[in-house]
Amino acid sequence: MASVAAWLPFARAAAIGWVPIATHPLPPPPIPKDRRKSDDEKLIINVSGRRFETWRNTLEKYPDTLLGSNEREFFYDEEVREYFFDRDPDIFRHILNYYRTGKLHYPKHECLTSYDEELAFFGILPDVIGDCCYEDYRDRKRENAERLM
Ligand SMILES: [Zn+2]
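Colleague: Mind laying out the coordination of the zinc ion, listing which residues take part and the relevant values?
Modeller: Around the zinc ion, the protein contributes the donor atoms His105 (ND1), Cys132 (SG) and Cys133 (SG), which lie 2.0 to 2.3 Å from the metal centre. His105 gets classed as partly exposed once you look at its relative accessible area, which sits at 30%.

Shown next as structure tokens:
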């Protein structure tokens, strides 16, 4: 597994609008004091204006990912009480479903590069693509590599 540290600086940069110069240790994520841990809670994730809802426990199934870790707090908007991501909402549907089902699907109509970028942003490795979609993903990856040579 790739370490969390690899994608972290980029995700954080997107949250606060600057590009990190890198090697300094990152400060701990901000966790608002008034949001005490309860058993579970419903979270609203706003992706470019489209609202998704899920349980916190669903996201925390995968603690090595952006949404499953405290890193998501960088994207929390206290005013509207939701997380905001300036990312592709169509692809995000598949990402959220991964947390729900443990299977990641590859939408064949999406450009492979943009799909890969979304996975990288949310800290999810393509290894977790389900058997139902893996071959399509792999074939597309190979085609892409050939085209770009
Ligand atoms: Zn599939």
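On we go from here.
Colleague: An account of unusual backbone geometry is needed here, citing residue identities and associated values.
Modeller: Look at Ser48: it is not a glycine, yet its phi comes out positive at around 50°. Mapped onto the elements of the fold, Ser48 is located in the loop between strand S1 (42-47) and strand S2 (50-55). With a relative accessible area of 37%, Ser48 lands in the partly exposed category. We note that Arg81 has phi near 55°; this positive angle belongs to a residue other than glycine. Inspection of the secondary structure assignment puts Arg81 in the loop between strand S3 (76-77) and strand S4 (82-85).

Colleague: Please provide a residue-by-residue account of the nonpolar core, values included.
Modeller: Grouped together as the largest cluster of nonpolar side chains are 30 residues, with contacts concentrated most on Phe85, Phe92, Ile95, Tyr115, Phe122 and Ile124. Those elements that place two or more of their residues in this core are S1, S4, helix H3 (89-101), helix H4 (112-121) and helix H5 (131-147). Sequence-distant contacts of Phe92, that is, excluding residues within four places in its chain, are made with Ile45, Val47, Phe52, Leu67 and Phe122.

Colleague: Hey, could you go over H3 for me, with residue numbers and the actual values?
Modeller: Over its 13 residues, H3 extends 18 Å from the first C-alpha to the last, a length consistent with the 18 Å expected when each residue adds 1.5 Å. Looking at the packing, one finds that the buried side of H3 touches S1, S2, helix H2 (56-59) and H4. Sitting at the amino-terminal end of H3 is Asp88, which places a side-chain oxygen 2.8 Å from the backbone nitrogen of Asp90. Directly after H3, the chain includes Gly102, whose backbone phi takes a positive value near 80°.

Colleague: Please provide a residue-by-residue account of the environment of Asp40, values included.
Modeller: Along the chain, Asp40 turns up in the loop between helix H1 (4-16) and S1. Since its relative accessible area comes to 26%, Asp40 is described here as partly exposed. Each C-alpha atom, one on Asp40 and one on Thr58, is 9.2 Å from the other, the two residues being 18 residues apart in sequence. Apart from the residues within four sequence positions on either side, Asp40 is in contact with Trp55, Arg56 and Asn57. Separated by 3.2 Å, the side chain of Asp40 and the backbone nitrogen of Arg56 make a polar contact. A polar contact is formed between the side chain of Asp40 and the backbone nitrogen of Asn57, at a distance of 3.0 Å.

Colleague: If you had to explain the sheet that holds S4 to someone new, which residues and values would you point to?
Modeller: Across the sheet, which stays open at both edges, the four strands sit in the order S2-S1-S4-S3 with mixed pairing between neighbours. Only two strands of the sheet have a single partner each, and these edge strands are S2 and S3. As paired elements, S1 and S2 share six bridges and run antiparallel to each other. Each bridged residue has a counterpart across the sheet, and for Leu43 the counterpart in S2 is Thr54.

Colleague: Please provide a residue-by-residue account of the environment of Glu135, values included.
Modeller: Along the chain, Glu135 turns up in helix H5. You can call Glu135 exposed: its relative accessible area is 53%. Along the sequence, Glu135 and Tyr106 sit 29 residues apart, while their C-alpha atoms lie 9.7 Å from each other.

What counts, and where the lines are drawn
Residues numbered from 1 in each chain as written. Predicted model: local features only at pLDDT ≥ 70, side-chain atom pairs only at ≥ 80, totals over all residues. Heavy atoms only, no water. Donors = N, O, S within 2.8 Å, 3.2 Å for Na, K, Ca; no water. Buried < 20%, exposed > 50% of the residue type's maximum accessible area, 1.4 Å probe, protein only. Helix = DSSP H or I, 4+ residues; strand = E, 2+ residues; numbered from the N terminus. Core = buried A, V, L, I, M, F, W, Y, C linked by side-chain atoms within 4.5 Å. Contact = heavy atoms within 4.5 Å. Expected span 1.5 Å × (residues − 1). Polar contact = N/O pair within 3.5 Å; in protein donor to acceptor, adjacent residues only side chain to side chain. Pairing = 2+ DSSP bridges.

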